[in-house]
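Architecture and fold: a report
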Amino acid sequence: MVQNMILQVKSRLMVAAVEDDGMSTAEYAIGTIAAAAFGAILYTVVTGDSIVGALTGIIDRALKTAV
């Protein structure tokens, strides 16, 4: 009975030592770089002339509509 408990404790400790929940520091760094790159690309697209022109056109048409 005692040996059985010792084996259970050993197995639980092994599982706890081997499990890897969450991200490591390297994974956080890669995720942060990817998010920053995505943000830079999104900013470039949104501030491009075609998007700004389209949004300006939509706003101009909305303001010029007769009530």
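Just so it is clear, the structure is predicted and the values come from calculations on it, not from any experiment. (Residues numbered from 1 in each chain as written. Predicted model: local features only at pLDDT ≥ 70, side-chain atom pairs only at ≥ 80, totals over all residues. Heavy atoms only, no water.)

The next subject is the confidence of the model for the protein. Mean pLDDT for the protein: 82, with 84% of residues reaching 70 or above. Between the elements of the protein, mean pLDDT differs from a low of 75, seen in helix α1 (residues 2-18), to a high of 91, seen in helix α2 (residues 25-46). (pLDDT = per-residue confidence, 0-100. Helix = DSSP H or I, 4+ residues; strand = E, 2+ residues; numbered from the N terminus.)

This part takes up a nonpolar patch on the surface. A cluster of nonpolar side chains, contributed by Phe 38, Ile 41, Leu 42, Val 45, Val 46, Ile 51, Leu 55 and Ile 58, occupies part of the molecular surface with about 740 Å² of accessible area. Of all elements in the fold, only α2 and α3 (49-64) reach the threshold of two or more residues within the nonpolar patch. In terms of residues, the nonpolar patch owes the most to one element, α2, which gives 5 residues. By the secondary structure assignment, Ile 58 is in helix α3. Here Ile 58 falls in the partly exposed class, since its relative accessible area comes to 47%. (Patch = residues over 30% accessible without salt bridge, like charges linked within 9 Å, V, L, I, M, F, W, Y side chains within 5 Å. Areas by Shrake-Rupley, 256 points an atom, 1.4 Å probe, with all protein chains shown as cover. Salt bridge = Lys/Arg side-chain N within 4 Å of Asp/Glu carboxyl O. Buried < 20%, exposed > 50% of the residue type's maximum accessible area, 1.4 Å probe, protein only.)

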